[in-house]
Amino acid sequence: MSQPLATAIKMVVIFMGLFASFSLFAHGVDEDTRQFLTLNQGVSIFPFIYIGAKHMVTGYDHLLFLVGVIFFLFRTKDVLIYVSLFTIGHSVTLLFGVLNDVQINAYLIDAIIGFSIVYKGFDNLGGFKRLFGFQPNTKVAVMIFGLFHGFGLATKIQEFQLPSDGLVANIIAFNVGVEIGQFLALGLVLIVMSLWRRHKSYLQFSTAANTLLMSSGLMLVGFQLTGYFIN
């Protein structure tokens, strides 16, 4: 590979890392959604579906983790299995957390979500086998981290102290929206990755891509822990 090309690739990777990291910090609830959740009364199925879908589509932390999960999954069956495990995990804790008023510090749960991104990138790089001589069960890990991602969603919803009137229906609608958003975002990611996989560069830059995942996760962990100790 020529030196100019190598330099250009490094610049692209650095830019992508900065973009992903700043996007992680920007992830949150916009003002329109905040006002709706604060003022809403009763059952609002379609608005909550929309909010759930938008939250997942703009939820860079959730999507980065899923990118790591599917990065080396080449069969549709495997993608469906792992994504289903993640879906089951975050659906259970989202519903359980909100309906049972389970309070978890938002900074700490988001730090764990950031760690899940670091974990998956490290796993994809073969870090466990190289450093520790063993490979954790990847399906169990995805399921467990799905549980934490669900608590992250629940924590954000609980910040608005939704009224009990229509709460069950609204939270189920929100969860349906999350799944729709996940399906749309993941579908786009899979299309891009399928095109990339046709080229040798996919495996050549797999190390750089997963290192980028780890760095993004680490920056999210640092950002959230800083917020925890400051606040």
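Before reading further, recall that the structure is shown in the block above.
Residues numbered from 1 in each chain as written. Predicted model: local features only at pLDDT ≥ 70, side-chain atom pairs only at ≥ 80, totals over all residues. Heavy atoms only, no water.

Trainee: Describe a nonpolar patch on the surface, with residues and values.
Mentor: Together, Leu 99, Val 168, Ile 172, Val 176, Ile 180, Phe 183 and Leu 184 line one region of the surface with nonpolar side chains, adding up to about 640 Å² of accessible area. Of all the elements, helix 9 (residues 167-196) adds the most residues to the nonpolar patch, at six residues. Tracing the backbone shows Val 176 in helix 9. Here Val 176 falls in the partly exposed class, since its relative accessible area comes to 37%. (Patch = residues over 30% accessible without salt bridge, like charges linked within 9 Å, V, L, I, M, F, W, Y side chains within 5 Å. Areas by Shrake-Rupley, 256 points an atom, 1.4 Å probe, with all protein chains shown as cover. Salt bridge = Lys/Arg side-chain N within 4 Å of Asp/Glu carboxyl O. Helix = DSSP H or I, 4+ residues; strand = E, 2+ residues; numbered from the N terminus. Buried < 20%, exposed > 50% of the residue type's maximum accessible area, 1.4 Å probe, protein only.)

Trainee: Describe the packing of aromatic side chains, listing the residues and the values that go with them.
Mentor: For the structure on display, the rule yields 15 aromatic pairs. A ring pair is formed by Phe 74 and Tyr 202, whose centres lie 6.3 Å apart and whose planes are at 70 degrees; its orientation type is edge-to-face. Placement of the pair is Phe 74 in the loop between helix 4 (60-70) and helix 5 (76-99) and Tyr 202 in helix 10 (residues 201-204), with a sequence separation of 128 residues. The class for Phe 74 is exposed, based on a relative accessible area of 53%. The exposure class of Tyr 202 is buried, given its relative accessible area of 2%. Each ring, one from Phe 132 and one from Phe 134, has its centre 6.4 Å from the other, and the planes form 50 degrees; the classification is tilted. Judged by its relative accessible area of 43%, Phe 134 falls in the partly exposed class. By the ring-pair criterion, three or more aromatic residues cluster together here, those being Phe 65, Phe 86, Phe 115, Tyr 119, Phe 122, Phe 128, Phe 132, Phe 134 and Phe 145. (Phe/Tyr/Trp six-rings, centres within 6.5 Å; stacked < 30°, edge-to-face > 60°.)

Trainee: Describe the packing of helix 5 against helix 9, with residues and values.
Mentor: The N-to-C vectors of helix 5 and helix 9 enclose an angle of 155 degrees; their axes lie 11 Å apart at closest approach. The angle between helix 5 and helix 9 falls in the class roughly antiparallel. The two elements helix 5 and helix 9 meet at a crossing, and its hand is right-handed. Between helix 5 and helix 9, the residues in contact are Val 79, Val 83, Phe 86, Thr 87, His 90, Ser 91, Leu 94, Leu 95, Val 98 and Leu 99 and Leu 167, Val 168, Ile 171, Ile 172, Phe 174, Asn 175, Val 178, Glu 179, Gln 182, Leu 186 and Leu 190, respectively. In terms of residue class, the contact of helix 5 with helix 9 is built from 15 nonpolar, five polar and one charged. (Axes fitted to C-alpha atoms, helices over the stretch in contact; angles between N-to-C directions. Parallel < 35°, antiparallel > 145°, perpendicular 65-115°, else oblique. Left-handed = near helix turned anticlockwise from the far one by under 90°. Contact = heavy atoms within 4.5 Å. Nonpolar A, V, L, I, M, F, W, Y, C, P; charged D, E, K, R; others polar.)

Keep in mind that these numbers describe shape and distance, not what the molecule does.
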